[in-house]
Amino acid sequence: MRCVVANWKMNLRSGEAQAFCEDLLLRLPEGGSAEVGIAPPFTLLSLVSGLVRPRGLQVFGQNAHAEDKGAFTGEVSMPQLRDVGCSGVLLGHSERRQFFGETDAGLIKKIKAAWQWDLLPLLCIGESLAERDSGATLDVLGRQLSILAETGPGPLWVAYEPVWAIGTGRRAEAPQVQEAHAFIRAELIRHGACTDYEVPILYGGSVTPESFPELLGIPEVAGGLVGGASLDPHKFGELIKQAG
Ligand code: PGA
């Protein structure tokens, strides 16, 4: 299974999102087999899910709180994501870890909460430039994945996103991606995350229509989590076609 997910981050307003979706839907390949998802900001979830879900696209939240409800000003819960048409949620994006204090311990609770509400977690992991330069990449990935020993198995997608490749135009080289994805697969198996469910491993970090075909040729790369290029329906439509 190939997967392509748009991470819009904190971009677009309703008029722009509507125009994007209308344009993208015209570009969807006939009989395409890739799973396609869009992760808009919370304010656009209802609008986007109303437009794209009838055409079989999935809608993801970009984050959610682990509690169902309560006094958590500024937060959004898993049942609230379900309520506006989400089928999944991004968890542990490096921007959440870096700027909003997301921790591995917190992610254990969030993954369990997502499963409780029948949402597919898309767990994002990846090393910083300093970690890569010091040779700690696999240690970091191993630590980030060790939370799966606590959550137990369940439906899951994983995105390997080297932090230094996100939004920088500097994509990881094929051997680096191959090494990381092979390691992630081995860790998923070791933690029992792959026994019951097929877990696709996506690559993220400056994915473009120019770089995607090579990435898709790397063993264990099941698709892409795409930021910048996903804001352009032409480019995102190309990525969907390339995924088949
Ligand atoms: P980018 O973002 O494609 O703009 O590098 C990817 C991501 O952060 O998911």
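Residues numbered from 1 in each chain as written. Predicted model: local features only at pLDDT ≥ 70, side-chain atom pairs only at ≥ 80, totals over all residues. Heavy atoms only, no water.

Participant: How would you summarise the pairing of strand 1 (residues 3-7) if you had to cite specific residues and measurements?
Facilitator: Counted residue by residue, strand 1 has 5 buried out of 5 residues, so it is predominantly covered. Bridge analysis of strand 1 against strand 2 (residues 35-39) gives 5 bridges, and the strand direction is parallel. Following the sheet pairing, A6 is matched in strand 2 by I38. Traced from strand 1 through helix 1 (residues 14-27) to strand 2, the parallel crossover comes out right-handed. Sheet topology note: the strand 1/strand 8 (residues 223-226) ladder contains 4 bridges and is parallel. When the bridges of strand 8 are listed, C3 appears paired with G223. (Buried < 20%, exposed > 50% of the residue type's maximum accessible area, 1.4 Å probe, protein only. Helix = DSSP H or I, 4+ residues; strand = E, 2+ residues; numbered from the N terminus. Pairing = 2+ DSSP bridges. Right-handed = clockwise from strand over helix to strand, strands pointing away.)

Participant: Let's hear about helix 1: which residues, and what values?
Facilitator: A turn of α-helix holds 3.6 residues, and therefore any two residues three or four places apart point the same way. A rise of 1.5 Å per residue sets the reference length of helix 1, with its 14 residues, at 20 Å; its end C-alpha atoms lie 20 Å apart and thus fit the reference within 8%. Those residues of helix 1 that sit buried are A17, F20, C21, L24 and L25. The buried residues of helix 1 all sit within an arc of 125° when viewed along its axis, so they share a single face. Taken together, the buried residues of helix 1 touch strand 2, helix 2 (45-52) and helix 11 (233-243). (Expected span 1.5 Å × (residues − 1). Arc of directions from axis to C-beta. Contact = heavy atoms within 4.5 Å.)

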